[in-house]
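Residues per chain, in single letters:
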Amino acid sequence: PPPVQDPPAEAPPLPRPPQAQAARIDADTVSADPDAVLSGTAAPSPPPAEGGEAAEQADDDGPGRADAEIDTVPAEPVAPETIGGGGDNGEEERPRRISPRFLRHYKIQEVIKRRQILLVQVVKEERGTKGAALTTYLSLAGRYSVLMPNTPRGGGISRKITSAADRKRLREVMQELAIPEGMGIIVRTAGANRPKAEIKRDCEYLLRLWDSIRETTLKSVAPALIYEEANLIKRAIRDVYSRDIEEIIVDGEEAYRAAKDFMRMLIPSHARKVQLYKDGGIPLFARAGVESQLDAMHNKRVELRSGGYIIIDQTEALVSIDVNSGRATRERNIEETALKTNLEAADEIARQLRLRDLAGLIVIDFIDMENSRNNAAVERRLKEALKQDRARIQVGRISHFGLLEMSRQRLRPSLTETAFVTCPHCNGTGLVRSVESSAVHVLRAIEEEAAKRRAAEIVVRCAGAVAFYLLNHKRSRLAELEAAFGLRVVFAADETLTPPALRIERTKPLAAPPAGQAAPPAVVTAEAALAEEPEAEVDDIGDQDGGEEEAEETRAAGETEGERDGRRRRRRRRRRGRREEGVSRIQIS
C-alpha cells in the first residue's frame, strides 16, 4: 500500500495588531478594550513606546567597484548598543514590537468613531508642525513603580535590574501586592534595593491616584483636563533624589512646605533632609553658581578644563558636536593630547545632552587617534557617562573617519526650541550677504525695472552701506542705465531693510517723446501688427477720397446749388463703396 502522508500543518494565525481604543470607565472596573470596535475580543498586549527597542541592524554594503581615485572603506555591521533610560513611564517590560509584515493596516475610521469619548495620555509634546502623540494605554509613574491601569498583560521588573537575587525577591513582592484585576505594575530601577514596605507604599499611592482620576473622569464633560503631572519640585524628588544626597535646599516658604510634605509621604525617614534657604539677601541660584551654568547652556561653545573645547550645532537633520584640542598641548605627543581631550569631552558631552535636552540623531567628531585602543577607551567613557541618562540612547562605534553616531530619545523640546527664536535678519542661518553681493543684487533689480519703461524717475530704498557702495563703485554703470533708458535713479538709505532687501518706488511717470524725436523702440507682437494693418489701409483709402473730393470741389466752383447737391450725393456713395471695398480687401488678405 502507498505510504500515508501526514496532512500539511496549518500556518499559525497572524497576530492582531494593537489598536488604540477608549478606556472604559465604569463605577467598578476600568479597562481598555482595543478590539471593541472591530470584534469585541480581549485586548492584546500594548505596543512598546517609541525608542524602547534597539534599531534593526542595517544591511551594510561591502566595498564597491574598484576605483583608481576613491578608497572604499568597508563598514563593519555592528548594531548600536542601547543604554540609558530611566523607565519612568512604563516602557521597560512591554512586549517586543510586532514585525510590520505581520500587521494589518487599519484606517483611523475603523478604530475610532466620531463623537467617541476617549481617555488619552500625552506621551510626547507637540514640536514645530508635529502634533502631540497620544495613547490610550495609560501609565502613572511613582518613585519605585509604574502603574498601568488598563494593561492587564503588562508589568514586570525593569530590565536594568540584572541581579538574579533582586529579581527573585521583587517578583515575590509583586505577588504579595494587591493589584486589582486588569492592571499591571512595573518595578522601576530605583526600587531594586528597596524593602517591601516602601514598594507597597508607593503602589498604594498610585492606586489612590488612579481612583481620583477615575472619579474626575466620570464627573467631567469632554474635552477636559483630567490630570497633569506634578510640578517641578515633586518630579525632581521623585525621579532625581537618591540616598546619596545629603541635603535638599528649597528657596521659598510655599515651595519648602510642598517639598517637605511630598518627601514625608514618599520617604518619611528622609523628610529631615529638606531644608529651607534662609539667606534672603542673595538668591539661591546665585550663591550656588547655578546662574553662570544656565547662561553657559545658551552658548554653542563649551570650554573644557584641559584647554580644549566642543562646538554644538543643532540643525534640522541632526546635532553635530565637534571636539577640538584648543590650547590643550601639555602632553608629550599628539596621540596622548587627543586621548586626554577626547576622554574629557566624552564626559562633558553626556552632561550637555541632558542639560540642553538634545535628541534625535547626534554625530560626534572626536579628534583623530591612530591607536584603536584609544578609540575603545573613549567609547567606554562615553557609555559610562550616558548610563545615568533617563532617555533611551543608542550608541555606535567610532568610524574610520573619527565620527561616532548615536541617537537619543526625545523626552521634551530642546533648549534651542524653547529659549530661542529665528533671527529675522539671517533666517536662522547665522550668515548675511556681503555688501558687494547685495549691491550686485540691487543693481540687477534697477536694470529690470528700467527695462520695463514704466517711469522716468525711481527711488531705490536699500541699506545705507549698499547705497554708498553703488554710488562709489558702480557710478559708471548707473550712468549708462540712465542714459540708455532715459531714467533717473535716486537712492534713499533705509536701515530697516536687511541686505539684500530693497524697495523701488516710481515717483515720476514716463512722459511722451517730443515732436521730431524718435520714440524709443517698443516690442510689438505679430498679432498687434496684423491688427493695426487694416486701420492703416483704411486711412490710406480715406486720404485718396479726400484728394479726389478737393479736385471735384475745384471743378464745381461755378455750378448751381442743385448740381452741387447732386455731386455731393454721388461723392458720398462713391466714398462709401471704396471704403467697403478696402475693408473687404484687408479681411481677405
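As shown above, the structure is provided for reference.
This section reports on the structure supplied with the text. (Residues numbered from 1 in each chain as written. Predicted model: local features only at pLDDT ≥ 70, side-chain atom pairs only at ≥ 80, totals over all residues. Heavy atoms only, no water.)

**A look at the overall build of the protein**
A tally of helices and strands in the protein yields 15 helices and 20 strands. Here the protein holds 589 residues, and 34% of them are scored as buried. Taking the intrachain contacts of the protein between residues at least 6 apart in sequence as the baseline, contacts between residues at least 24 apart amount to 68%. Just so you have it, the protein exposes about 38,100 Å², and 51% of that area is on carbon and sulfur atoms. (Helix = DSSP H or I, 4+ residues; strand = E, 2+ residues; numbered from the N terminus. Buried < 20%, exposed > 50% of the residue type's maximum accessible area, 1.4 Å probe, protein only. Contact = heavy atoms within 4.5 Å. Areas by Shrake-Rupley, 256 points an atom, 1.4 Å probe, with all protein chains shown as cover.)

**Brief notes about the packing of helix α8 (residues 334–356) against helix α9 (residues 372–386)**
Contact pair α8 / α9: the axes reach a minimum separation of 9 Å and the direction vectors enclose 20 degrees. What the angle tells us is that α8 and α9 run roughly parallel. Along this stretch, α8 crosses α9, giving a crossing that reads as right-handed. Contacts between α8 and α9 involve E335, L339, N342, L343, A346, D347, A350, L353 and R354 on the former and, on the latter, N374, A377, V378, R381, L382, A385 and L386. Looking at the contact of α8 with α9, its residues break down into 10 nonpolar, two polar and four charged. (Axes fitted to C-alpha atoms, helices over the stretch in contact; angles between N-to-C directions. Parallel < 35°, antiparallel > 145°, perpendicular 65-115°, else oblique. Left-handed = near helix turned anticlockwise from the far one by under 90°. Nonpolar A, V, L, I, M, F, W, Y, C, P; charged D, E, K, R; others polar.)

**What about the environment of R381?**
Along the chain, R381 falls in helix α9. Spatially, the C-alpha atoms of R381 and D347 are 7.2 Å apart, while their sequence positions differ by 34 residues. Non-local contacts of R381, meaning those with residues more than four positions away in its chain, are made with L343, A346 and D347.

**Let's talk about a positive patch on the surface**
Taken together, R569, R570, R572 and R573 make up a surface patch of like positive charges. The residue R573 is located in helix α15 (residues 561–588) in this model. (Patch = residues over 30% accessible without salt bridge, like charges linked within 9 Å, V, L, I, M, F, W, Y side chains within 5 Å. Salt bridge = Lys/Arg side-chain N within 4 Å of Asp/Glu carboxyl O. Lys, Arg positive; Asp, Glu negative; His and termini not counted. Charge placed at Lys NZ, Arg CZ, Asp CG, Glu CD.)

**Notes on the sheet that holds strand β18 (residues 455–462)**
Reading across the sheet, the three strands line up as β19-β18-β20 and stay open at both edges, with mixed pairing between neighbours. Two strands bound the open sheet, and with one partner strand each, they are β19 (488–493) and β20 (503–509). Taken over all neighbouring pairs, the strand axes of this sheet differ in orientation by 25 degrees on average, direction set aside. In terms of strand pairing, β18 meets β20 through six bridges, oriented antiparallel. Looking at β20, one finds that R461 is bridged to R503. Running at roughly 160 degrees to β18, helix α11 (residues 435–451) makes contact with β18, β19 and β20 of the sheet. (Pairing = 2+ DSSP bridges.)

**Structural notes on a nonpolar patch on the surface**
Nonpolar side chains collect at one region of the surface, where V120, V122 and L134 lie side by side and expose about 260 Å² of accessible area between them. If you trace the backbone, V120 turns up in the loop between α1 (108–111) and β4 (121–124).

**Quick look at the packing of α11 against helix α13 (residues 475–485)**
In the contact formed by α11 and α13, the axes pass within 10 Å of each other and the chain directions differ by 5 degrees. Relative to α13, α11 is oriented roughly parallel. Here L443, I446, E447, A450 and A451 of α11 lie close against α13, whose contacting residues are R477, L478, L481 and F485.

The values reported here are purely geometric and, on their own, carry no functional implication.
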